[in-house]
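# Structure assessment
Listed below, chain by chain, are the residues.
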4 protein chains.
Amino acid sequence: MQRIDVALVGAGRMGQVHGPNAARTPGLRLRYVVDPRPHAASAMAAATGAEAATLDQALSDPAVGAVLVCSSTDQHLANALQAVEAGKAVFCEKPIDLDLQKARAAQPRFEGARFVLGFNRRYDPHFLALRQRLDAGAVGRLESLHIVNHDPAAPSAHFIPTSGGLFKDFTIHDLDMARWMLGEEPVEVFATASCLVDPGIGRQGDVDTARTVLRTASGRLCVISNTRRSGYGYDQRIEAFGSTGMATAGNVSRDTVQVFDEHGTTAAPIAYAFPERYAESYRAQIAHFAEVAHGAARPRTHYADGIAALVLAEACQRSVREGRSIRLQEQS
Amino acid sequence: MQRIDVALVGAGRMGQVHGPNAARTPGLRLRYVVDPRPHAASAMAAATGAEAATLDQALSDPAVGAVLVCSSTDQHLANALQAVEAGKAVFCEKPIDLDLQKARAAQPRFEGARFVLGFNRRYDPHFLALRQRLDAGAVGRLESLHIVNHDPAAPSAHFIPTSGGLFKDFTIHDLDMARWMLGEEPVEVFATASCLVDPGIGRQGDVDTARTVLRTASGRLCVISNTRRSGYGYDQRIEAFGSTGMATAGNVSRDTVQVFDEHGTTAAPIAYAFPERYAESYRAQIAHFAEVAHGAARPRTHYADGIAALVLAEACQRSVREGRSIRLQEQS
Amino acid sequence: MQRIDVALVGAGRMGQVHGPNAARTPGLRLRYVVDPRPHAASAMAAATGAEAATLDQALSDPAVGAVLVCSSTDQHLANALQAVEAGKAVFCEKPIDLDLQKARAAQPRFEGARFVLGFNRRYDPHFLALRQRLDAGAVGRLESLHIVNHDPAAPSAHFIPTSGGLFKDFTIHDLDMARWMLGEEPVEVFATASCLVDPGIGRQGDVDTARTVLRTASGRLCVISNTRRSGYGYDQRIEAFGSTGMATAGNVSRDTVQVFDEHGTTAAPIAYAFPERYAESYRAQIAHFAEVAHGAARPRTHYADGIAALVLAEACQRSVREGRSIRLQEQS
Amino acid sequence: MQRIDVALVGAGRMGQVHGPNAARTPGLRLRYVVDPRPHAASAMAAATGAEAATLDQALSDPAVGAVLVCSSTDQHLANALQAVEAGKAVFCEKPIDLDLQKARAAQPRFEGARFVLGFNRRYDPHFLALRQRLDAGAVGRLESLHIVNHDPAAPSAHFIPTSGGLFKDFTIHDLDMARWMLGEEPVEVFATASCLVDPGIGRQGDVDTARTVLRTASGRLCVISNTRRSGYGYDQRIEAFGSTGMATAGNVSRDTVQVFDEHGTTAAPIAYAFPERYAESYRAQIAHFAEVAHGAARPRTHYADGIAALVLAEACQRSVREGRSIRLQEQS
């Protein structure tokens, strides 16, 4: 397979995940690293055999066929648009934008694009295996879901104002997962939330602990459990209940060692954080993007999925404010 | 310890659990079995060395010091009142009554009584061990709970009209558990429900699948997951999330055998139903009642707990009808 | 079912297990307790509604149809013989005798007797479930076994001289289990042993840690792992390997609570000791004896099983002494 | 860190594991691939950016500082010797040679060499974690070990004649693991073996199922359980028993999905075979070799470990033949 040259936009937290993965993915070659901080760009470039450049330089290189948008959230949409309109295949970290209206307005310009949105959990082997078991009828007709997404430790409160808030920043992964697993769109949303972890988060007007209940037209129910700080690692589980049983995807432990003594049985902690827990999903996602860039696959997570998750996140916010269920048509 | 003579009222499903337990509990002697169906009364009496009698006969025997009320739900309150007013110690199956107003009206007559209400799960060794771990600070400050209560198979639809509905008949156990584990009263309730298991249940105006979210004054959150039919046994789990970790109480398997072959690893099903899963809790509950009857312990589950759970169950029903959170003061 | 009157001989450690079980077993009535220590006999008698008596008194009562021999090991054979010859059904704790020649000499007098030997583990629900899975072909043709039997804490060294030593006192349970699970007699035995737990045990000429390898005529292999002190509870496991997979029976935990925090995952200890771990097996064993006593079942663990296990235990001792495999025909 | 050029000798089963790992390891650059089969060499070279060459060509390149010996077993020693004498750092797959005398004769020529022997399991994160827990005193003073090493499926019988037999080919990993975990050399070996899996293996004079018992001078005991065909995947477990408890390292499952239905609980199979189960150990081993090659670390698995394991493997063979324990000094 011929290699497509790739430009990475953003060498921060997510760029440091996706850049090296792109460098190792057959069918891709990391060519440029774009970052407003020159040192960040050149360090990543050096580590991956790429070259620091501006976005304009990278996009004007006709050999560049693909762009990874890992910039700060407020740049996602602009960077992705510029790359798509330059004819490149685009991978874009979630969320597309924190502003639903803006994201919707741009949607037509992504029609037909080779565009993959970074809902990485759909590429996780454990959740994929769960989905396959459900599709194979392992628990009969799906009736309800329980999604646990607990971060190990809260971000510092100063991150909150630009984050979009718990629902758009964090729950959005679960809202996408719910849509994917339920096989049916939610029509009603209820959410309730507290600030229990860090009063500083509350002072920024945000919450850190939430429970969300989704309901589909056929009556399927989905609960999402979120906290910004678990204290015990990155708790990432799904339980799916069907007409003949339950299927679950559980946490991954750091090792398989167990110690038995008079006080009980002790096992290793669960995986601590996203780079460790989701390493395989990130690799698989970029491998999928390589196929999309080559025209060999249709995107599994597209722009419309980003819009749909944002709509649900806004409904969550409104439900918390109003203390009632929000029907989705009210949201338009 | 001298034995107190006991009268069992009701030799049906729960009487068949509590009667033999009372017969085996040190400090109690099963003396009379009361049941409007003569054959049921005499069969139980024969099996336990007791004697069939009417309630009046039993209560008029001065040697009888304790009564187990296991009659049909609509008789609970009348039977319990009659026994309390005859000066007997009373164990009463839940719910006290399906009618909250009626139950409240009778409450003063139970003041000071040696009265134990049948919220058996508080006596379960697994949930007790969980509570002890929480009290010992194993996960820091408690922040949220997740309670799973899934029955293995739905009751026949004709049971529904006299059941009080899902929330008063089934969720009520979880509402009591939530109060006990949270260590703080819920002040807000949201519930949503579907009829997914049996359309016949829906035709009776009831639901069979529900999710309930409770919220306390300090912002603690509790989700309750209910279904009338799990397909995989009697799913009875609790997850408690605190400031430093998570503590869980899990299902009990029927045996410890596992089979590993090329298709995977297979373990025994979880305990199928309440008599098997909660056998120990029923024994411990009657042992506790024996202590209460002897004046050696104060009731751990009292009339007021029954009232509080009924208030929450009614709030659930109202929340489902109105599609919004119900604040508890609205409920008075 | 008419009740058979039972005499319990020995109100010590095992008598305190079997006496109360017999008192509760349908079809049996505990009538007499025989113990050279008057206080032990009368305490047990009071607790179970029985009466203290001498063995001669008990055996001369024609209503007594069954005897439980739980005396000290050196009395097992004499007590059992006396009871069998008085025409009673006999349950006898293991071992029949520490002296294989003596046990063999008496064997003809037990021919046709309603006699159950106390190899209780064959009645354990977990091991029974394992055996049923093997019989059902869950792992194909059985090829090898691994039996773990680790006591929680070593007996005091002064118990050792009358114990018969590790192999006759402790491993004997595993030798019986191996015969039962393998479905084929061992023809070759190798054992090696150390004194690692308590030098006092070594000074008595015994060992406290051993590994035994059995081999059947068809080449099936069985390892037995023993220690007198595990430090973590009563480790009782079996792994069975077959042509298509592995089946295991595992330990039972004290409760299902797990705590997850930054240090890892902690679960309850496994069951600590035999009365807790094997409570169900003891009940089932006496229930089986009741059926045998009534002539409704054939003994599942008979005198010949005791002889066979003793033969293997002696081969283990000889293997340790001689540092080589012992073929069973050498043992006659 | 400057990169050392590496020559891979052998592009077969193990070369295909180590070659790509070397190509990705910082501090190494895969430069040459040597294989008598030209197509195998050039395919591997193409996939890793290396070049096909003869061993002489590779060794005569002064830029080549390290050699990976992954040739057929009968070439290991000759290849390793040639590379060591050319002054290269050498990684060599196990076993050094099937002929203990030959291996011993060459030993002096490896004194002081930067030489790493391919006992990969010492680099496995699970077994490393177990060892660390033991070293930290998690179970007190180590007393005994149980090592399970069951291959998923037997090799074809025609592989047997050149394999060295079960003990030198397969058990040798466990003999090395035992030495490493016990922290003390075995002084006595007993082994027994059967041919239960494939009569064709027996016709080649080999066995496919074995149990080995090692004993150290202080009386520590170690059992090794081996079969060529488990039927359920690659069973790789260790149990370590100490004075205060047990520590275990368990199998790795393919995913975390579990399905619960009326028939029981089903989980994914365990990892099927060595490339999947030990992928991390192979990477860590080559990373360690890179450090050794750079002079930054001392070898963790050296030539002498290969000799010691061979001595034990020969003792196993002799024990099977003679039906007795072999004391190691008898082995000279």
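For chain A, the name recorded in an unreviewed UniProt entry is Inositol 2-dehydrogenase, with Luteimonas viscosa as its organism. What UniProt states about chain A under its Sequence similarities (unreviewed entry) heading is, verbatim, "Belongs to the Gfo/Idh/MocA family."

All names here are of chain A. The domain architecture assigned to chain A consists of domain 1 (4-120 + 281-299) and domain 2 (122-278 + 309-331). Taken over C-alpha atoms, the centre of domain 1 sits 26 Å from the centre of domain 2. Facing the 19 residues of domain 1 at the interface are 18 residues of domain 2. Summing both sides of the interface, domain 1 and domain 2 together bury roughly 1700 Å²; the carbon and sulfur share of this comes to 63%. When the buried area of domain 1 at its contact with domain 2 is split by residue, L98, L100 and F119 rank highest and sum to 38% of it. Where domain 1 touches domain 2, the interface holds zero salt bridges. For the side of domain 1 that touches domain 2, the secondary structure elements donating two or more residues are α5 (100-106) and α10 (279-293). The leading source of residues in the side of domain 1 that touches domain 2 is α10, at five residues.

This brings us to the relation of the copies chain B and chain C. Applying a rotation about an axis and a shift along it to one chain copy brings it onto the other copy. Once chain B is rotated about the relating axis by 180° and shifted along it by 0.1 Å, it coincides with chain C to within an RMSD of 0.1 Å. In the structure described here, the two chain copies are related by an operation that fits a two-fold rotation axis. If distances are taken from each C-alpha of chain B to the rotation axis, the shortest is found for R24 of chain B, at 4.6 Å. The overlap is high: 100% of the interface residues of chain B also sit at the interface in chain C, so the same surface is used on both sides.

Before going further, it helps to spend a moment on the interface of chain B and chain C. Each side of the interface is counted separately: chain B has 24 residues, and chain C has 24 residues. Together, T256, V257 and F260 of chain B form the three largest contributors to the area buried by chain B at its contact with chain C, with a combined 30%. Taken together, the connections running from chain B to chain C amount to zero salt bridges. Applying the counting criterion to the chain B and chain C interface returns eight residue pairs in polar contact (both at pLDDT 80 or more). Those elements giving two or more residues to the side of chain B that touches chain C turn out to be α6 (125-135), β12 (245-249) and β13 (257-261) of chain B. For the side of chain B that touches chain C, the residue count by class is eleven nonpolar, eight polar and five charged.

Okay, the interface of chain A and chain B next. At the interface, 37 residues of chain A touch 37 residues of chain B. It is L196, R211 and L221 of chain A in chain A that bury the most area against chain B; as a group they hold 19% of the surface buried on that side. The tally of links from chain A across to chain B stands at four salt bridges. In this structure, the salt-bridge partner of E239 of chain B is R237 of chain A, at a minimum N-O distance of 2.7 Å. Here chain A is connected to chain B by 23 residue pairs in polar contact (both at pLDDT 80 or more). Looking at the side of chain A that touches chain B, the elements that each hand over two or more residues are β7 (142-150), β8 (186-194), β9 (209-216), β10 (221-227), β11 (235-242) and β12 (245-249) of chain A. By residue class, the composition of the side of chain A that touches chain B is eleven nonpolar, 16 polar and ten charged.

Taken as rigid bodies, chain A and chain B are interconverted by a rotation of 180° and an axial shift of 0.0 Å, the fit giving an RMSD of 0.0 Å. Taken together, the interface assignments show that 100% of the residues at the interface of chain A recur at the interface of chain B, consistent with an identical surface on both copies.

It is worth spelling out the UniProt feature "domain: Gfo/Idh/MocA-like oxidoreductase N-terminal" (unreviewed entry) in chain A at this point. The sites that carry the UniProt feature "domain: Gfo/Idh/MocA-like oxidoreductase N-terminal" (unreviewed entry) are, in the present numbering, residues 5-107 of chain A. Helix and strand shares over residues 5-107 of chain A are 46% and 23% respectively, and the end C-alpha atoms of the span are 26 Å apart.

So, how was this worked out
- For every chain, the first residue of the written sequence is number 1, and numbering continues from 1 along that sequence.
- Each chain is given a letter, starting from A, and each ligand a number, starting from 1, according to the order in which they appear as written.
- Two thresholds apply to this predicted model, a pLDDT of at least 70 for residue-level local features and 80 or more for giving and counting side-chain atom pairs, whereas whole-chain, interface and lining totals are computed over all residues.
- The basis for the side-chain values is all heavy atoms of the structure; hydrogens and waters are excluded.
- UniProt positions are given in the numbering used here, feature names are shortened, and annotations may be inferred rather than shown by experiment.
- Boundaries of every domain are those given by an automatic assignment or by a domain database.
- What makes two residues a contact is simply this: any of their non-hydrogen atoms within 4.5 Å.
- Buried area is calculated as the accessible area (1.4 Å probe) missing from two parts once they are joined, with the contributions of both summed.
- The rule for a salt bridge is simple: a side-chain nitrogen of Lys or Arg has to be within 4 Å of a carboxyl oxygen of Asp or Glu.
- Going along the chain from the N terminus, every DSSP run of H or I of four or more residues is numbered as a helix, and every run of E of two or more is numbered as a strand.
- To superpose the copies, least squares is applied to the C-alpha atoms of every residue with a pLDDT of at least 70 in both.
- A 3.5 Å cut-off defines polar contacts: any pair of N or O atoms within that distance qualifies, except that in protein one atom must be a possible hydrogen donor and the other a possible acceptor, and neighbouring residues in sequence count only when both atoms are side-chain atoms.
- Charged means Asp, Glu, Lys or Arg here, nonpolar means Ala, Val, Leu, Ile, Met, Phe, Trp, Tyr, Cys or Pro, and polar covers whatever is left, Gly included.

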